[in-house]
Amino acid sequence: MSSALAVSVPRTHPLPPHRSFARAHRRRSAPLPRAATASESEKTPEPMKLAFLGCGIMGVPMAKNLLKAGHDVSVWNRTSAAAAPVVEAGGKLAASAADAAREADVVFVMVSTPEAALDVAKAAADGLAPGKGYVDVSTVDAGTSSTIASIVRAAGAEFLEAPVSGSKKPAEDGALIFLCAGDESLYAKCASPLETMGKAHFFLGDVGQGAKMKLVVNMIMGSMMGAFAEGLTLAEKSDLDPTTLLEVVSLGAIASPMFALKGPTMVDGAFAPAFPLKHQQKDMRLALALADTLAQDTPVAAAANELYERARRDGCDDEDFSAVLKAVKK
């Protein structure tokens, strides 16, 4: 999920002043005024030569959306069979990560762990050169992202970290949120593919800031899911109808798209993976490590992480992260 479910909340009051490099770009939801319909921002963008490395739950729909938008996409995956859906949609299968990078102006990477992201960067490095860009949309820690940036820049290419908020369905719908940091010129160059794959993208400053933002978001999400699972379990043990609980929650101040989406399947005991539990626990672990480096106490997140660890020990790695309910019920 990389993460996570995404929601846009209207701002009802000004935020307090804060030093920030963040710039937000959201998909236009209403027509431009007549006088602006011929503006540069409304022209159809030129197709780009792209590479997409990583064909998992997230990577496949993201790459397919790039193809649908008219971009030329070379694809590579460590297990080539996983790239078949993208190839069938019109992508070109590359023999290696470096070959894919050679064929592209910008390389996108979506893999599941910091270790995999680092391995892919090393594998692609021989195909990078000045004028090319490397955009890693995986969820990793800031230290790993900085190491990848060094590998990419040593080859003369530009680097952007752009972890996503959103899971399988937002990836399919082109409704992800990209949390970007690194070379701002590459961020500008990638506007078209980012807008194809997502509903919003933010530029947050130097390398590491995007990674940190993603870990904070997923830490919040994981903690929310842990509390939600406890609430469902307590309601059941109290002889309360869990579907009524879902309705009550949906009508109050704690209503959440995540609860609305995951609640019915949790009540049914169905945990088809949109965001695998092992990845949620990985993100909790990385967020807690970040908090430790900053001497920030996170007792709620630490307690939630213990639930995910218990669920992993019980064999829930490849189920949806909402399967943390099993650990609560045990």
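Residues numbered from 1 in each chain as written. Predicted model: local features only at pLDDT ≥ 70, side-chain atom pairs only at ≥ 80, totals over all residues. Heavy atoms only, no water.

Quick look at the overall build of the chain
Selection criterion: Put simply, DSSP marks the helices as runs of H or I at least four residues long and the strands as runs of E at least two long, and each gets a number from the N terminus on. Think of it in three bands: with a 1.4 Å probe and only protein chains considered, a residue is buried below 20% of the maximum accessible area for its type, exposed above 50%, and partly exposed in between. Only the protein chains shown count as covering a residue, and every accessible area follows the Shrake-Rupley method with a 1.4 Å probe.
Helix and strand content of the chain: 14 helices and 10 strands. Put simply, the chain has 330 residues, and 49% of those count as buried. As displayed, the chain has an accessible area near 16000 Å², and 56% of this comes from carbon and sulfur atoms.

A short note on the side chain of K214
Defined as follows: Working convention for charge: Lys and Arg count positive, Asp and Glu count negative, and His plus the chain ends are omitted. Criterion for a salt bridge: a side-chain nitrogen of Lys or Arg within 4 Å of a carboxyl oxygen of Asp or Glu. Pairing of N or O atoms within 3.5 Å defines a polar contact, subject to two protein rules: one partner must be a possible hydrogen donor and the other a possible acceptor, and residues neighboring in sequence count only if both atoms are side-chain atoms.
Tracing the backbone through its elements, the reader meets K214 in helix α9 (residues 209-237). Despite being buried, K214 has no salt bridge partner; D283 is the closest side chain of opposite charge, sitting 4.7 Å away. Separated by 2.7 Å, the side chain of K214 and the backbone oxygen of V164 make a polar contact.

Topic: a nonpolar patch on the surface
Selection rule: Each patch is built from salt-bridge-free residues with over 30% relative accessible area, joining like charges within 9 Å and nonpolar side chains (Val, Leu, Ile, Met, Phe, Trp, Tyr) within 5 Å.
A contiguous nonpolar surface patch, about 220 Å² in accessible area, is contributed by V216, I220 and M224. In this fold, M224 is placed in helix α9. For M224, a relative accessible area of 31% translates into the label partly exposed.

Notes on the environment of V120
Operational definition: In what follows, a contact means two residues having at least one pair of non-hydrogen atoms within 4.5 Å.
Mapped onto the elements of the fold, V120 is located in helix α4 (residues 114-124). For V120, the residues in contact, after removing those within four places along its chain, are L53, W76, V109, V111 and Y134.

Re the pattern of salt bridges
Close approach of charged atoms lets side chains of opposite charge pair. Scanning the model with the defined rule gives 11 salt bridges in all. Between R153 and D183 there is a salt bridge, with the nearest N and O atoms lying 3.1 Å from each other. Of this pair, R153 sits in helix α5 (residues 142-154) while D183 sits in the loop between β9 (176-182) and α7 (184-189); the two residues are 30 residues apart in sequence, bridging distant segments of the chain. Here R153 falls in the partly exposed class, since its relative accessible area comes to 39%. A salt bridge links R312 to D317; the shortest N-O distance between them is 2.6 Å. Assessed through its relative accessible area of 23%, D317 is described here as partly exposed.

Description of the nonpolar core
Note the threshold: Nonpolar cores are built from buried Ala, Val, Leu, Ile, Met, Phe, Trp, Tyr and Cys residues. Side-chain atoms within 4.5 Å join them into one set.
The biggest cluster of nonpolar side chains holds 32 residues, and the ones touching the most others in it are F52, M62, F108, V135, V137 and F178. Elements with a contribution of two residues or more to this core: β2 (49-53), α1 (59-68), β3 (72-76), β5 (106-109), β9, α7 and α8 (191-197). Every residue in contact with V137, bar those within four places of it in the chain, is listed here: M62, F108, V109, M110, A162, P163, V164 and F178. In this structure, M219, F228, Y308 and V324 belong to the second largest nonpolar core, which totals 31 residues.

A word on the side chain of D136
Position of D136 relative to the elements: it lies in strand β6 (residues 133-136). Although D136 lies buried, it forms no salt bridge, and the closest oppositely charged side chain, K282, sits 9.6 Å away as judged by the N-O distance. Side chain to side chain, D136 and S138 meet in a polar contact 2.7 Å long.

Focus: unusual backbone geometry
Positive phi, normally seen in glycine, also occurs at D239, with a value near 60°. With respect to the secondary-structure elements, D239 resides in the loop between α9 and α10 (242-251). One non-glycine residue, A295, adopts positive backbone phi at about 55°. Structurally, A295 can be placed in the loop between α12 (277-293) and α13 (299-313). In this structure A295 comes out as exposed when scored by relative accessible area, which is 72%.

A few points about the confidence of the model for the chain
Note the following rule: One confidence number per residue, pLDDT, is output by the predictor and ranges from 0 to 100.
Counting all residues, the mean pLDDT for the chain is 90, and 87% of those residues have values of 70 or more. Here residues 1-20 is a poorly scored stretch, pLDDT under 50, and it has 41 contacts once near neighbours within four places are set aside; other chains count. Per-residue pLDDT stays below 50 along residues 28-43; that stretch engages in 9 contacts with residues further than four places along the chain or on separate chains.

A word on the packing of aromatic side chains
Inclusion rule: We call Phe, Tyr and Trp rings a pair once their centres come within 6.5 Å, taking the six-membered ring for Trp, and we label the pair stacked below 30 degrees between planes, edge-to-face above 60, and tilted otherwise.
Applying the stated rule across the entire model yields 5 aromatic pairs. Note on Y134 and F159: the rings are 6.4 Å apart at their centroids and 25° apart in plane angle, and the pair reads as stacked. Linking Y134 in strand β6 with F159 in strand β7 (residues 158-161), this pair joins segments that are 25 residues apart in sequence.

What to know about the environment of A51
Along the chain, A51 falls in strand β2. Note on A51: relative accessible area 0%, which makes it buried. Taking the C-alpha atoms as reference points, A51 and V135, separated by 84 residues in sequence, lie 10.0 Å from one another. When neighbours within four sequence positions are excluded, A51 is seen to be in contact with S74, A100, A101, A104, V106, V107 and F108.

Digging into α5
Filter applied, for reference: For a helix, the expected span equals 1.5 Å multiplied by the residue count minus one. By definition, the arc is the one covered by directions from the helix axis to the C-beta atoms.
In this model, α5 (13 residues) spans 18 Å end to end at C-alpha, consistent with the 18 Å of a helix rising 1.5 Å per residue. What α5 keeps buried is the set A142, T144, S145, I148, A149 and V152. On an axial view of α5, the arc spanned by its buried residues comes to 155°, and they lie on one face. On the buried face of α5, the contacting elements are α4, β6, β7 and α9. N-cap assignment for α5: the residue whose side-chain oxygen lies 3.2 Å from the backbone N of G143 is D141. Where α5 terminates, the next one or two residues include G156, which has phi positive at roughly 95°.

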